[in-house]
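Summary of the model geometry
What follows is each chain in one-letter form.
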Amino acid sequence: MSAPDLAPVRRGRALLLENIHADARTLLSDAGWEVETASGALDEAELARRVEGVSLLGIRSQTQVTAKVLEAATDLRTVGAFCIGTNQIDLFAAAANGIAVFNAPYSNTRSVVELALAEIIALTRRLTVKDRAMHDGVWDKSAAGSHEVRGRRLGIVGYGNIGSQLSVVAEALGMSVFFYDTTDKLALGNARRCGSLHELLEIADVVSLHVDGRRSNTGFFGEAEFSRMRPGSIFLNLSRGFVVDDEALARHVRSGHVAGAALDVFPTEPKGSGQSFDSVLRGLPNVILTPHVAGSTEEAQEDIGRFVAAKMRDYALHGTTALSVNLPTLDTETAPETVRLAHLHRNVPGVLAAINKVLADAGVNIEGQQLATRGDLGYVVTDIAAHASEEVGRRLRELPETVRVRQLG
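Residues numbered from 1 in each chain as written. Predicted model: local features only at pLDDT ≥ 70, side-chain atom pairs only at ≥ 80, totals over all residues. Heavy atoms only, no water.

**Side note on the sheet that holds strand E13 (residues 339-346)**
Strands pair in a sheet through their backbones, by hydrogen bonds, and they do so in one of two ways: parallel or antiparallel. Definition in use: Pairing between two strands requires that DSSP report at least two bridges joining them. Strands are runs of DSSP state E lasting at least two residues, helices are runs of H or I lasting at least four, and both sets are numbered from the N terminus onward. Axis definition: a line fit to C-alpha positions, over the contact stretch in the case of helices; interaxial angles, taken between N-to-C directions, run 0 to 180 degrees. Contacts: residue pairs with any heavy atoms within 4.5 Å of one another.
Sheet architecture is open: four strands sit in the order E14-E15-E13-E16, paired in antiparallel fashion. Looking at the sheet topology across the chains shown, the edges are occupied by strand E14 (366-374) and strand E16 (402-408). Taking the axes of each pair of neighbouring strands and ignoring which way they run, one obtains an average angle of 10° across the sheet. Where E14 lies against strand E15 (residues 377-384), eight bridges are found, and the strand directions are antiparallel. When the sheet's bridge partners are listed, isoleucine 366 is paired in E15 with isoleucine 384. Relative to the sheet, helix H13 (residues 390-398) contacts E13 and E16, its axis offset from that of E16 by approximately 155°.

See below:
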């Protein structure tokens, strides 16, 4: 994708899909964008068509932003994932096209943790079985198979933002917490780290998955892992649908080896509310199925709407890349009465000197400058006293390392 003309930033169109909270639309509208919304996800062909002329794109987990979509999005500046995961976005292609991607890594953490705890309690007390019997007119007043969570051993697989907070709250309920993560993480409270996944599975009464969406996690938890779980243990997956072999889980629930399960995510999910859903886990006893709503509380969605929309706005207006998942990170405000040049480039020696030579040759005085790098990319923002000429823009675009250059302010 060629770098666009160097011209002062202008507002344009924003497209928000999948019922993103209204606060996002309000924030972007107030900042000057014309905002369009859609209630569901779009397939690749439709999204490639709709994204033409769009400068800001907001999605949730069901919309796939592929390289083909990004190539069609010639005006696109940033993609906002109004959720935690970004595996539905081709981050490499976005970076190569100079498009910043933002997500909400913290906003719905509490909502997911509360649902996990509610399901742990419900499954341990077999509330799903009692509830179904009562609705069928059966009074089954028995303590068989029902336990307190106090003293039970919780095994958390993935000790990131959600896993670590679940650890703290579960410990407050009296659970003993063990965790496994592929990276070195600080144990909170009295949680104990396991040296392997197999070690955790042989200890835990409850296993809860909180792994990320990298494709290498596909099929991460299957027959071998379920077989290693303690007889009568409970399993939760509130992370990604493709990390679990649901067929294997169903077999272990039917055999009684797994006493209960709760899943909020599935390998294949409907693209919108009201559509039909099928799973091998439907109808099994003491199994809770929810439609990918772990982070969907009103509080979380409101916070996500404001947080991600603000990141998109600040990047478009000021070039700020704080918490971008694919571009070098610069958290900076534009100095008063200055114009900002935002230059994304291949991270090789000499680019900063080349940029400054272009500005010096044109007699442009630099008021301030910051540089950050991330892998193969470099990002420099330069504050100057007045708008740069088209000649300056042409020379910056023609630098062989340039990916994208914009003039802001």
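**Some points on a nonpolar patch on the surface**
The cut-off we apply is this: Exposure above 30% relative accessible area and no salt bridge define the residues that can form patches, which grow by joining like charges within 9 Å and nonpolar side chains of Val, Leu, Ile, Met, Phe, Trp and Tyr within 5 Å. For the area figures, the Shrake-Rupley method with a 1.4 Å probe applies, and any residue is considered shielded solely by the protein chains shown. By convention in these notes, a salt bridge is any Lys or Arg side-chain nitrogen within 4 Å of a carboxyl oxygen on Asp or Glu. For every residue, the accessible area (1.4 Å probe, protein chains only) is compared with the maximum for its type, and the residue is labelled buried under 20%, exposed over 50%, or partly exposed between those bounds.
A cluster of nonpolar side chains, contributed by Val168, Leu186 and Leu188, occupies part of the molecular surface with about 280 Å² of accessible area. You can see valine 168 is positioned in helix H7 (residues 161-172). Owing to a relative accessible area of 44%, valine 168 belongs among the partly exposed residues under this scheme.

**Some details on the sheet that holds strand E5 (residues 100-102)**
Taken together, five strands build an open sheet; the order of strands is E2-E1-E3-E4-E5 and the sheet is parallel. The open sheet has two edge strands with one neighbour each: strand E2 (34-37) and E5. Neighbouring strand axes in the sheet, compared pairwise and without regard to direction, differ in orientation by 15° on average. Where strand E3 (residues 54-59) meets strand E4 (residues 78-81), four bridges bridge the pair, whose relative direction is parallel. Along E4, the bridge assignment pairs leucine 57 with valine 79.

**Quick notes on the environment of phenylalanine 221**
Within the secondary structure layout, phenylalanine 221 lies in the loop between strand E9 (206-209) and helix H9 (223-228). With 85 residues separating them along the chain, phenylalanine 221 and arginine 306 place their C-alpha atoms 35 Å apart. For phenylalanine 221, the contacting residues outside a window of four places in its chain are Leu201, Val207, Leu209, Phe226, Met229, Phe235, Val243, Val244 and Asp245.

**A word on the pairing of E3**
Every regular strand shows the same layout, with side chains that alternate between the two sheet faces. The criterion, for reference: Look down the strands so they point away from you; if the path from the first strand over the helix to the second goes clockwise, the crossover is right-handed.
Among the six residues of E3, six are classified as buried, and the element is accordingly described as predominantly covered. Direction of pairing for strand E1 (residues 13-16) relative to E3: parallel, over a ladder of four bridges. Within the sheet, the bridge partner assigned to leucine 15 lies in E3 and is leucine 57. In the classification by handedness, the crossover that spans E3, the intervening helix H3 (residues 67-72) and the parallel E4 is right-handed.

**Describing the confidence of the model for the protein**
To be explicit about the condition: The predictor rates its confidence in each residue with pLDDT, a number between 0 and 100.
Overall, the predicted model of the protein reaches an average pLDDT of 94, with 97% of residues at or above 70. This model gives residues 1-5 a pLDDT under 50, and the stretch forms 14 contacts once residues within four places in sequence are excluded.

**Here's the deal with the pattern of salt bridges**
For the structure shown, the criterion picks out 23 salt bridges. Put simply, aspartate 205 and arginine 230 hold a salt bridge, and the shortest N to O gap is 3.4 Å. With aspartate 205 in the loop between helix H8 (197-203) and E9 and arginine 230 in the loop between H9 and strand E10 (233-237), the pair connects residues that are 25 residues apart, well separated along the chain. The class of arginine 230 is partly exposed, set by a relative accessible area of 28%. Within this structure, Asp23, Glu302, Asp303 and Arg306 form a network of salt bridges that share partners.

**A closer look at the packing of helix H12 (residues 351-361) against H13**
For clarity, the cut-off: Should an angle fall under 35 degrees it is called roughly parallel, over 145 degrees roughly antiparallel, and 65 to 115 degrees roughly perpendicular, with every other angle called oblique. With the far helix as reference, a near helix turned anticlockwise by less than a right angle produces a left-handed crossing, and one turned clockwise produces a right-handed crossing. In this count, Pro and Cys sit with the nonpolar residues alongside Ala, Val, Leu, Ile, Met, Phe, Trp and Tyr, while Asp, Glu, Lys and Arg are called charged and the others, Gly among them, polar.
Running from N to C, H12 and H13 cross one another at 160°; their axes reach a closest spacing of 10 Å. Considering the angle they form, H12 stands roughly antiparallel to H13. Pair H12 / H13 crosses with right-handed handedness. Contacts between H12 and H13 involve Ile355, Val358, Leu359 and Asp361 on the former and, on the latter, Val392, Arg395 and Leu396. In terms of residue class, the contact of H12 with H13 is built from five nonpolar, no polar and two charged.

**Brief notes about the packing of aromatic side chains**
Heads up, the rule is: Note on ring pairs: Phe, Tyr and Trp rings are taken, using the six-membered ring of Trp, and paired if centres are within 6.5 Å. Classes follow the plane angle, with under 30 degrees stacked, over 60 edge-to-face and the rest tilted. Sitting over a ring, as applied to charges here, requires NZ of Lys or CZ of Arg to be within 6 Å of the ring centre and within 35 degrees of the ring normal.
As enumerated under the stated definition, the model contains seven aromatic pairs in all. Both rings, one in tyrosine 159 and one in phenylalanine 179, keep their centres 3.8 Å apart while their planes meet at 15°; by these two values the pair is stacked. Here tyrosine 159, found in the loop between strand E6 (153-157) and H7, pairs with phenylalanine 179, found in strand E7 (residues 176-180); they are 20 residues apart in sequence, far enough to count as distant. Members of the aromatic cluster, joined through ring pairs, are Phe220, Phe221, Phe226 and Phe235. The residue whose ring lies beneath arginine 215 is phenylalanine 242, and the NZ or CZ to ring-centre distance is 4.4 Å. Residue placement shows arginine 406 over the ring face of tyrosine 315; its charged tip is 4.5 Å from the ring centre.

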